[in-house]
Amino acid sequence: MTSTDDAKYLIADVKQNISLFERSVATNESRFATRALRASATLRKRLSANTLRAVVGAVLSKDSPVREKVLAILKDENSMEVDKAPLAESKAATIPEVDVYVGYLALLFLYDSAANANGATLSSQLVDYIQLVNRRSMDQLAAKVYFYYERFFDITNRLGEIRPKLLAAQRTATLRHDDETQAVLLNLLLRNYIHFNLYDQADKLVSKTAFPETAVNSQSARYFYYLGRIKAIQLDYTASHRDLVQAIRKAPKNPKSAGFQQAVHKLAIIVQLLTGEIPERSLFREPFLRKSLIPYLSITQAVRIGDLAKFTETLAKNIATFRADKTYTLILRLRHNVIKTGIRMISLAYSKISLRDICLKLQLESEEDAEYIVSKAIRDGVIDAVIDHESGYMKSKENVDIYSTNEPQNAFHQRISFCLNLHNDSVKALRFPYSQRKETSGMDAIREEERLIAGELADAEMDDDDMGEF
């Protein structure tokens, strides 16, 4: 198949998607735009400088504000490959959605070609054009363009430059109830703040905005992941773990999302350890997680048995990995959990033990440190023991039946709350086609009318019977 045939078939497919966008604008139905964007994924591998140039000439008119910008970028990017043949001219004027769609295809080509500088330039121009036309029907397209806009500036290390423009776009999307664009922009802003460690500003953004409930699962998973990271930094480990579990549940289950699932599971493991729980061993056997979670398995084992030496050794050995994963700060907080676990195990193993022996077993610097740590563990309820300060030893009390405490009630409450939240989210996620609802309402009206007619006929028959008796 020649390049001319490739361009011809690509133009036909692009025009078919354009007809869906035009239908979406005419009927005010977003599902047609969603269908067109989904179909565009199959066109991605067929994009090249020559085919895109042919598409621009066949689809966009000379008056299009996007036409010359896309052609200039393509010429600058692949000046040796672009065909010098004259462009076909489109006579009909196009709607703004078509201009942005062609620009979006060019962004896909530039991203796959690693033309990051030109991609940043074109995406910035498209964002300016989207904000200029300000059309409600451009919700799905704008969300895609904003995503690649942030991605190109991230790759070129210019992420701080786009924050004001993203904030302005987020305010506009919120006022117009553009759910898809609003969800994408919220995630991009949270990622921007977290990238620069601006957790206070990220928390303020979350508190003053509402994530749209109709957002797709991929955006919801990102949002819950960022919430979990923010709350973990703020020491709210219970809420953080709950949000991370939601992110894992909503994340797409396919090989392309393996990187995201690994990042969420790494953070979830550390947060779960900080809450005092131990992750299940089966989690570390998952095929797409096994290799990436090896350092976290060693940390988990050290926390579970209270081995401070192993914890310190693992931390020093994998410090580069933990810093790259941005979990190093949280792992440092686990040192106290390791010590508490060690004290709990010592309390269960010994009814009476000197503070000197505790200092040696936990590898602490002095007996004063051991005395302070044991006192804090007793105050926090980690162990049930007393300290004899004069003699310098810790004496454990008899084990209390756990069923006489509130622990079973708290465990059941946590499980019931999770099941109720899962049920509520499932009910909210139910979707019914509009045509089916319309047909159902029409059938209900017809049945009601038939019931009324049948009732009137029955009344008429009773009247006839009554008249016959006289």
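An account of the accompanying structure is given in this report. (Residues numbered from 1 in each chain as written. Predicted model: local features only at pLDDT ≥ 70, side-chain atom pairs only at ≥ 80, totals over all residues. Heavy atoms only, no water.)

### Thoughts on the overall build of the protein chain
Put simply, the test is: Helix and strand assignments come from DSSP, with helices taken as H or I runs of at least 4 residues and strands as E runs of at least 2, each series counted from the N terminus. Residues are treated as being in contact if the distance between any of their heavy atoms lies within 4.5 Å. Methods summary: accessible areas were calculated by the Shrake-Rupley approach with a probe of 1.4 Å, and residue burial reflects only the protein chains presented.
Counting its secondary structure elements, the protein chain contains 22 helices and three strands. Residue pairs in contact within the protein chain that sit at least 24 positions apart in sequence constitute 65% of those at least 6 positions apart. When the accessible surface of the protein chain is summed, it comes to about 26,800 Å², and 53% of that surface belongs to carbon and sulfur atoms.

### Examining the pairing of strand S2 (residues 385-388)
What counts here: Here the term buried applies to any residue with accessible area under 20% of the maximum for its type, exposed to any over 50%, and partly exposed to those in between, with areas from a 1.4 Å probe on protein chains only. Should DSSP find at least two bridges between two strands, the strands are regarded as paired.
Burial along S2 is one-sided: the residues Ala385 and Ile387 are buried and none of Val386 and Asp388 is. As judged from the four bridges shared by S2 and strand S3 (residues 393-396), these two strands associate in the antiparallel manner. When the sheet's bridge partners are listed, Ala385 is paired in S3 with Ser396.

### Description of the packing of aromatic side chains
Test applied: Any two rings among Phe, Tyr and Trp, with Trp reduced to its six-membered ring, count as a pair given centres within 6.5 Å; such a pair is stacked if its planes are under 30 degrees apart, edge-to-face if over 60, and tilted if neither. In our convention, an over-ring charge means Lys NZ or Arg CZ found within 6 Å of a ring centre and within 35 degrees of that ring's normal.
Throughout the structure, instances matching the rule amount to 11 aromatic pairs. Their ring planes at 55° and their centres at 6.2 Å tell us that Tyr104 and Tyr148 sit as a pair that is tilted. Residue Tyr104 is found in helix H5 (residues 96-112), and its partner Tyr148 is found in helix H7 (residues 139-155); the two are separated by 44 residues along the sequence. Since its relative accessible area comes to 6%, Tyr104 is described here as buried. By the ring-pair criterion, three or more aromatic residues cluster together here, those being Tyr104, Tyr111, Phe147, Tyr148 and Phe152. Across from the ring centre of Tyr328, 4.3 Å away, lies the NZ or CZ of Arg323, which sits over that ring.

### Quick notes on the packing of helix H10 (residues 199-208) against helix H11 (residues 217-233)
Convention followed: For helices, the axis comes from a line fit to the C-alpha atoms of the stretch in contact; other axes are also lines fit to C-alpha atoms, and the angle between any two N-to-C directions lies between 0 and 180 degrees. An angle below 35 degrees is treated as roughly parallel, one above 145 as roughly antiparallel, one from 65 to 115 as roughly perpendicular, and anything else as oblique. Helix crossings get a hand from a simple test, with the near helix turned counterclockwise from the far one by less than a right angle marking a left-handed crossing and a clockwise turn marking a right-handed one. Under the scheme applied, nonpolar residues are Ala, Val, Leu, Ile, Met, Phe, Trp, Tyr, Cys and Pro; charged residues are Asp, Glu, Lys and Arg; polar residues are all the others, including Gly.
Look at H10 against H11: their axes get within 10 Å of each other, and the N-to-C directions meet at 125°. It follows that H10 is oblique to H11 by the angle criterion. Note on packing geometry: the crossing formed by H10 with H11 is left-handed. Packed against H10, whose contacting residues are Tyr199, Ala202, Asp203 and Val206, the element H11 presents Tyr223, Leu227, Arg229, Ile230 and Ile233 at the interface. Its residues assigned to classes, the contact of H10 with H11 comprises seven nonpolar, no polar and two charged.

### Let's talk about the pairing of S3
Of the pairings in the sheet, the one linking strand S1 (residues 352-354) to S3 comprises three bridges and is antiparallel in character. Bridge pairing in S3 places Ser354 opposite Tyr393. The turn joining S2 and S3, which pair antiparallel and follow one another in sequence, is formed by four residues; a positive phi near 75° is taken by Gly392.

### Focus: helix H13 (residues 258-274)
Since there are 3.6 residues in each turn of an α-helix, residues three or four apart along the chain are aligned in direction. Quick note on the threshold: Helix span, as expected, comes to 1.5 Å for every residue beyond the first.
In this model H13 runs 24 Å from its N-terminal to its C-terminal C-alpha over 17 residues, within 8% of the 24 Å that 1.5 Å per residue would give. Of all the 17 residues making up H13, 13 are buried; the element is thus mostly covered by neighbouring parts of the structure. At the C-terminal side of H13, Gly276 shows a positive phi close to 95°.

### Here we look at the nonpolar core
Formally: For this analysis, a nonpolar core means a set of buried residues of the types Ala, Val, Leu, Ile, Met, Phe, Trp, Tyr and Cys, connected via side-chain atoms within 4.5 Å.
Counting 123 residues, the largest nonpolar core has Val14, Tyr101, Tyr146, Phe311 and Ile358 as its most contacted members. At 11 residues, the largest contribution of residues to this core is made by H5. Residues in contact with Phe311, not counting those within four places in the same chain, are Ile299, Ala302, Ile331, Leu334, Arg335 and Val338.

### Section: a negative patch on the surface
Put simply, the rule reads: Any residue with relative accessible area above 30% and no salt bridge may belong to a patch, with like charges joined within 9 Å and the nonpolar Val, Leu, Ile, Met, Phe, Trp and Tyr side chains within 5 Å. In what follows, salt bridge is the name for a side-chain nitrogen of Lys or Arg lying within 4 Å of a carboxyl oxygen of Asp or Glu. The convention is simple: Lys and Arg are positive, Asp and Glu are negative, and His and the chain ends are not counted. All charge positions are set by atom: Lys at NZ, Arg at CZ, Asp at CG, Glu at CD.
Where like charges cluster on the molecular surface, the negative patch consists of Glu365, Glu367, Glu368 and Asp369. Within the secondary structure, Glu367 is located in helix H20 (residues 367-380).

### Focus: unusual backbone geometry
Backbone geometry at His177 places phi at a positive 60°, although glycine is not the residue there. Here His177 shows up in the loop between helix H8 (163-176) and helix H9 (179-195). Here Asn197, not a glycine, exhibits a phi torsion of approximately 60°, which is positive. Looking at the element boundaries, Asn197 is found in the loop between H9 and H10.

### Here's the deal with the sheet that holds S1
If you trace the three strands from one edge of the open sheet to the other, you get S1-S3-S2, paired in antiparallel fashion. Looking along the sheet, the strands with just one partner apiece sit at the ends: S1 and S2. Strand-to-strand twist across the sheet, computed as the mean angle between neighbouring axes with direction ignored, equals 20°. Here helix H19 (residues 355-362) sits on the sheet and contacts S1 and S3; the angle it forms with S1, its principal contact strand, is near 75°.

Treat this as a map of the structure, not an account of what it does.
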